[in-house]
Structure formats: C-alpha cells, structure tokens
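Chain residues, written in single-letter form:
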Amino acid sequence: MEEDLFQLRQLPVVKFRRTGESARSEDDTASGEHEVQIEGVRTGLEAVELDDGAAVPKEFANPTDDTFMVEDAVEAIGFGKFQWKLSVLTGLAWMADAMEMMILSILAPQLHCEWRLPSWQVALLTSVVFVGMMSSSTLWGNISDQYGRKTGLKISVLWTLYYGVLSAFAPVYSWILVLRGLVGFGIGGVPQSVTLYAEFLPMKARAKCILLIEVFWAIGTVFEVVLAVFVMPSLGWRWLLILSAVPLLLFAVLCFWLPESARYDVLSGNQEKAIATLKRIATENGAPMPLGKLIVSRQEDRGKMRDLFTPHFRWTTLLLWFIWFSNAFSYYGLVLLTTELFQAGDVCSISSRKKAVEAKCSLACEYLSEEDYMDLLWTTLSEFPGVLVTLWIIDRLGRKKTMALCFAIFSLCSLLLFICVGRNMLTLLLFIARAFISGGFQAAYVYTPEVYPTATRALGLGSCSGMARVGALITPFIAQVMLESSVYLTLAVYSGCCLLAALASCFLPIETKGRGLQESSHREWGQEMVGRGTLGTGVTRSNSGSQE
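- As recorded in an unreviewed UniProt entry, the protein goes by Synaptic vesicle 2-related protein and comes from Equus caballus.
- UniProt's Sequence similarities (unreviewed entry) comment on the protein is quoted here verbatim: "Belongs to the major facilitator superfamily."
- Per UniProt, the protein carries the Subcellular location (unreviewed entry) text "Cytoplasmic vesicle, Secretory vesicle, Synaptic vesicle membrane".

Take a look at the structure:
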C-alpha cells in the first residue's frame with residue numbers, strides 16, 4: 001500500500017482530453033507530467049496541482065493499473081470449459097422452446113379430428129399460446145432485470161414444465177385452451193437465457209456462440225417432428241405433450257448449477273458475489289483472474305421501460321420492435337403456409353382449389369400423413385444451413401446488414417412463389433425462405449443483447465420478444481384466413497413486411513460488430529464497448545468512466 005501511495009505521489013499534474021483513451025508521451029514521462037484522456041469531459045481544463053503528500057483522487061488515477069471491470073475479466077478469462085457447459089444448458093432451454101412451438105402444428109390437426117373442433121377453435125388453440133407469450137415477455141424481462149437473470153429464467157422454465165405436463169391431462173377443449181395459454185406465458189421467459197448466456201461470453205466468441213445455440217432450436221424442431229412420427233400413431237397426442245417436456249425437465253434439474261450474471265451482481269451492488277462468480281469461471285477454465293480490484297458500477301434503477309426510450313435508444317427500440325415483429329410474423333406464417341402449399345402442390349393449385357370447393361364443412365378433417373410429416377421435416381431441416389450462412393456472414397457484414405440480407409432474400413422467395421412452379425421448385429423456395437428468415441431471427445438474437453446496457457438488457461430483449469409474439473399472434477389470420485380469400489395477397493403481405501424490415505435493419509443507428517457489452521446507460525454508447533484489440537499500439541484503455 002505504501003509503495004502504491006508513493007507512486008501516486010509522483011504524479012503532480014493531471015490533464016484531461018476528450019478522446020476516451022489514455023496516452024502518455026515521452027516528453028510527459030520525462031517531465032513527470034502525465035495525461036489521462038477521458039471521454040465526455042470538457043476540453044481546455046487547466047492543470048490540477050496536487051499538494052505535497054496528497055493522494056491522487058481515485059477518479060483521476062489511471063484505473064487500468066489496479067482495477068478492472070467485468071468486461072475485462074470476461075475477456076481475460078476467455079472461452080473455456082465453463083462456457084461449453086453453459087452452451088449446452090442454454091441449448092436445452094432453446095430446444096424445449098422449439099419443441100413447444102413446433103407441437104402446435106401437430107396438435108392442432110389432431111384435436112381438430114379427435115374432438116371435432118370447428119376451424120376457428122383450432123386457430124384459437126394456436127393463437128392462445130402466442131397471447132400468453134406476448135403478455136409475459138416484458139414481465140419476464142422486468143423480473144430478470146430486477147431480481148436476476150437466473151431467478152427469472154428458473155421460474156419461467158419451472159412454470160412452463162408444470163403447465164406443459166398438466167396440459168396432457170386436459171379432459172376437454174376449454175381446459176387445454178387455458179393450459180396451453182399458461183404454457184405460452186412461461187415460454188415468454190425462455191429468451192432470457194440468451195441474456196444470461198451473452199453476459200458470460202468474451203467479445204470475439206459472442207456472435208458465433210449465440211448463433212450456434214440456435215442449432216439447438218433446429219434440433220428441437222426436428223426432434224419434435226421425429227418424435228411425433230413414432231408417438232402419435234401408437235400413444236397419441238397426450239404422450240407427445242409429456243415427452244416433449246423432457247428437455248424442460250433436464251434444464252430445470254441442471255439450472256441450479258447456473259451462476260447469476262456477474263454483470264448483474266456488479267450493477268446491483270453485490271461485488272463480492274460477482275468476484276466469486278468470476279473466480280469460479282476462471283478456475284473451471286484454468287485461466288488467471290485479472291489483477292487488481294473489481295470496479296463497482298453505479299447502482300441504477302433496473303428494469304424501467306422508460307430507459308428503452310431515452311434519446312440514445314428510442315429509435316433503436318422502435319426499429320427493433322418492428323424487426324422482431326416481422327421476424328415472427330414471417331417465420332410462423334411460413335410454417336403455417338408450408339402445409340397448405342404442400343397439400344395443394346403449388347400456389348396455382350390452391351387458387352383453383354379454393355374456387356372449386358365452395359361448400360366445405362368446417363368439421364371435415366384430415367390426420368397428418370407420413371408424407372406430411374416428411375415434408376414438414378424437410379423444411380425444418382433448412383434451419384441448419386440458415387445457421388451456417390448467418391454464422392459465416394454476421395462478422396463479415398455486421399449485424400445490421402446480415403438482418404437486412406436475410407429479410408430481402410425471404411421477400412424475394414415469397415414473390416417467386418407467385419409463379420406456378422412444380423413440387424421440387426416449391427420445396428426449394430420454401431427451403432431457402434425458411435433458412436434465411438430463421439437466420440434473420442438468429443441475427444436479431446445476437447444484436448439485441450449487444451445493443452442495450454446491462455441495466456435494461458433483459459427488459460430490452462423481453463420487450464422485443466413480446467413484439468415478436470404479437471406478429472406470431474396475427475400471422476394465423478393471414479396464413480389461414482386471408483389465404484382462403486387470396487393466396488397472392490397473402491404472399492404479398494409477407495413479402496412487403498420483410499422488405500420493410502430489411503429497410504428498418506439498415507436504419508438502425510448502432511452497429512454492434514466488434515463491440516463489447518455496454519455496462520451503463522449513463523454515458524455515450526461506445527465508451528465501454530471497444531475491445532482491447534481495436535486500440536492502437538501504445539495506447540492504454542481507460543475505464544475510469546465506469547466510476548461515477
């Protein structure tokens with residue numbers, strides 16, 4: 001301690017410049033005069049003389065010598081054994097989410113036939129799940145920002161598991177309608193796993209890891225279709241609901257291993273817990289902890305909706321809401337359209353069929369055949385190349401351009417469906433369209449946690465997820481109801497929506513490629529974001545802006 005104080009006493013003059021970086025020239029070193037450059041501070045300040053024996057104020061000292069932030073610790077520890085475990089655990093949550101969503105396309109026609117439900121009740125069974133998800137997404141984000149990422153995620157998973165299994169014992173339609181709505185309410189919190197996951201990833205691995213987690217979504221959708229092929233003919237839909245909850249059960253058992261986010265702990269003032277978490281990760285990864293003291297960020301109000309509409313984030317929030325809305329609207333719309341298009345053969349066959357069959361009993365039903373399951377499986381497999389393509393371009397083009405490209409290609413494929421193509425070409429267009437709209441979804445999941453600060457990250461992701469559920473709630477009325485009136489108008493709606501989403505992606509004011517996660521919302525975006533690798537030689541990064 002005495003040596004530290006002695007060194008600090010050798011700094012008689014402190015100057016400030018508005019650059020956000022700290023630098024020291026040879027002349028300054030020779031003269032004993034040092035400069036600390038801090039972004040956001042007015043230029044032209046006079047030198048501050050320190051009395052003999054006086055300690056340099058904490059906010060004036062260069063913190064890179066003896067302090068570090070969570071971002072620095074995560075970067076220093078790097079990607080290792082801990083992140084691999086976390087990847088699998090987060091993947092289980094995504095797999096469970098995908099299975100609960102994919103089951104809608106299998107359960108609806110089955111109950112339509114078994115319980116002799118009219119068409120509007122079948123559509124309502126799908127919509128009620130999205131109503132639950134829409135109403136809870138922001139709530140789960142608020143809980144995660146107020147009480148911790150782990151707490152919100154654990155409650156939502158246990159909620160979904162309980163009502164998912166309980167819905168398998170529903171005796172009548174009204175019961176399963178309510179129970180599936182409650183399942184949707186719980187699913188609305190599953191995206192918070194991305195928030196927790198992203199906050200433990202080093203900058204260089206973040207985009208790739210979040211995208212690879214999306215592989216578990218694709219695995220979940222494929223597994224649900226395969227499970228239905230074997231379970232539905234022999235055991236029925238009730239066993240399918242029970243077995244589909246297995247990934248949720250595994251996650252519920254293993255989630256107690258999850259630590260709380262160190263970023264959240266620091267933001268909430270629990271510094272000791274954050275240090276213990278970082279030491280645990282360093283031990284598991286076999287990496288050393290950074291030297292010095294962990295900087296305690298300013299304690300902020302967390303989970304406030306108004307923070308999403310500050311001048312820095314207002315435009316970003318509105319554009320992201322539309323992007324997420326368009327993603328879900330188009331993705332789930334394509335899933336619903338796929339069955340109709342495959343059954344008809346092509347768009348022209350749908351149009352002629354609608355004209356030929358004027359009077360069709362709403363209670364008439366058809367069980368899904370093996371061919372229907374195979375078609376569903378083929379289009380579902382398209383999400384794997386979608387992940388690979390997005391993984392390849394997202395760090396080359398950036399997040400904004402990647403989303404714009406995915407929306408544009410989906411819009412083009414939708415327009416090409418206007419042509420009376422054969423079955424093979426129809427399958428190819430649907431394959432490409434689903435690959436790229438799922439890729440757009442994945443890019444949005446990378447971008448959204450990166451653009452918001454720690455205090456509102458979970459709420460920002462939750463509100464975007466809620467807007468996605470609004471799109472998913474509306475899309476059955478377009479893909480099913482409007483389709484009966486005009487298939488061309490239906491395709492035009494999806495194509496036009498994605499074209500607007502591509503423009504919205506281009507107009508996003510912030511590009512997060514190559515940036516770290518922002519800790520505080522009380523400073524200009526980007527001050528804490530630039531990674532060490534982007535700084536020039538001989539320039540030391542200053543973290544002093546984190547202390548307020």
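Next comes the rest of the description.
1. Overview of the packing of helix α9 (residues 203-231) against helix α17 (residues 383-397)
Okay, step 1: Interhelical geometry of α9 versus α17 gives an angle of 170 degrees and a closest axis separation of 9 Å. Taken as axis vectors, α9 and α17 run roughly antiparallel relative to one another. Across from Ala207, Lys208, Leu211, Leu212, Glu214, Val215, Trp217, Ala218, Ile219 and Val222 in α9, the residues of α17 making contact are Glu383, Phe384, Val387, Thr390, Leu391, Ile394 and Asp395.
Okay, step 2: Residues belonging to the contact of α9 with α17 are distributed by class as follows: 12 nonpolar, 1 polar and 4 charged.

2. Concerning the side chain of Ser505
Okay, step 1: Of note, Ser505 is situated in helix α21 (residues 487-506).
Okay, step 2: Take Ser505: its relative accessible area is 0%, and that puts it in the buried class.
Okay, step 3: Beyond its immediate stretch of four places on either side in the chain, Ser505 contacts Ile323, Lys400, Met403, Ala404 and Phe407.

3. Observations concerning the pattern of salt bridges
Okay, step 1: Within this structure, the stated rule accounts for 7 salt bridges.
Okay, step 2: The shortest N-O distance in the salt bridge between Arg457 and Glu199 comes to 2.6 Å. With Arg457 in helix α20 (residues 457-485) and Glu199 in the loop between α8 (192-198) and α9, this pair connects stretches of sequence that are 258 residues apart.
Okay, step 3: For Glu199, a relative accessible area of 1% gives the class buried.
Okay, step 4: Asp395 is the partner of Arg399 in a salt bridge, and the nearest nitrogen-oxygen pair spans 2.7 Å.
Okay, step 5: For Arg399, a relative accessible area of 2% corresponds to the buried category.

4. Notes on the nonpolar core
Okay, step 1: Of all hydrophobic cores here, the largest spans 128 residues; its most connected members are Phe251, Leu320 and Trp324.
Okay, step 2: Examining the composition of this core, we find that 18 residues originate from one element, helix α4 (residues 81-114), more than from any other.
Okay, step 3: In this view, Phe251 contacts Leu89, Leu92, Ala93, Leu153, Val157 and Leu258; residues no more than four positions away in its chain are not counted.
Okay, step 4: Counting residues in hydrophobic clusters, the runner-up holds 9 residues, among them Val70, Val74, Ala262 and Leu278.

5. Details of helix α19 (residues 423-451)
Okay, step 1: With 29 residues, α19 should cover 42 Å at 1.5 Å per step; its first-to-last C-alpha distance of 42 Å lies within 8% of that length.
Okay, step 2: Of all the 29 residues making up α19, 22 are buried; the element is thus mostly covered by neighbouring parts of the structure.

6. Let's talk about the packing of α4 against helix α13 (residues 271-285)
Okay, step 1: Running from amino to carboxyl end, α4 crosses α13 at an angle of 105 degrees, the nearest separation of the two axes being 7 Å. Taken together, α4 and α13 sit at an angle that is classed as roughly perpendicular. Contacts between α4 and α13 involve Lys81, Phe82, Gln83 and Lys85 from the first element and Ile281, Glu284 and Asn285 from the second.
Okay, step 2: Across the contact of α4 with α13, the residue classes tally to 2 nonpolar, 2 polar and 3 charged.

7. Side note on helix α18 (residues 399-416)
Okay, step 1: With 18 residues, α18 should reach 26 Å at 1.5 Å per residue; the first-to-last C-alpha distance of 26 Å fits that figure.
Okay, step 2: For α18, the set of buried residues is Arg399, Lys400, Thr402, Met403, Ala404, Cys406, Phe407, Phe410, Ser411, Cys413 and Ser414.

8. Here's the deal with a nonpolar patch on the surface
Okay, step 1: On the surface, Val246, Leu249, Leu250, Val253 and Leu254 cluster together into a nonpolar patch covering about 430 Å² of accessible area.
Okay, step 2: Structurally, the position occupied by Leu254 is in helix α11 (residues 246-254).
Okay, step 3: Assessed through its relative accessible area of 43%, Leu254 is described here as partly exposed.

Conventions and cut-offs
Residues numbered from 1 in each chain as written. Predicted model: local features only at pLDDT ≥ 70, side-chain atom pairs only at ≥ 80, totals over all residues. Heavy atoms only, no water. UniProt positions renumbered as here; feature names shortened; annotations may be inferred. Axes fitted to C-alpha atoms, helices over the stretch in contact; angles between N-to-C directions. Helix = DSSP H or I, 4+ residues; strand = E, 2+ residues; numbered from the N terminus. Parallel < 35°, antiparallel > 145°, perpendicular 65-115°, else oblique. Contact = heavy atoms within 4.5 Å. Nonpolar A, V, L, I, M, F, W, Y, C, P; charged D, E, K, R; others polar. Buried < 20%, exposed > 50% of the residue type's maximum accessible area, 1.4 Å probe, protein only. Salt bridge = Lys/Arg side-chain N within 4 Å of Asp/Glu carboxyl O. Core = buried A, V, L, I, M, F, W, Y, C linked by side-chain atoms within 4.5 Å. Expected span 1.5 Å × (residues − 1). Patch = residues over 30% accessible without salt bridge, like charges linked within 9 Å, V, L, I, M, F, W, Y side chains within 5 Å. Areas by Shrake-Rupley, 256 points an atom, 1.4 Å probe, with all protein chains shown as cover.

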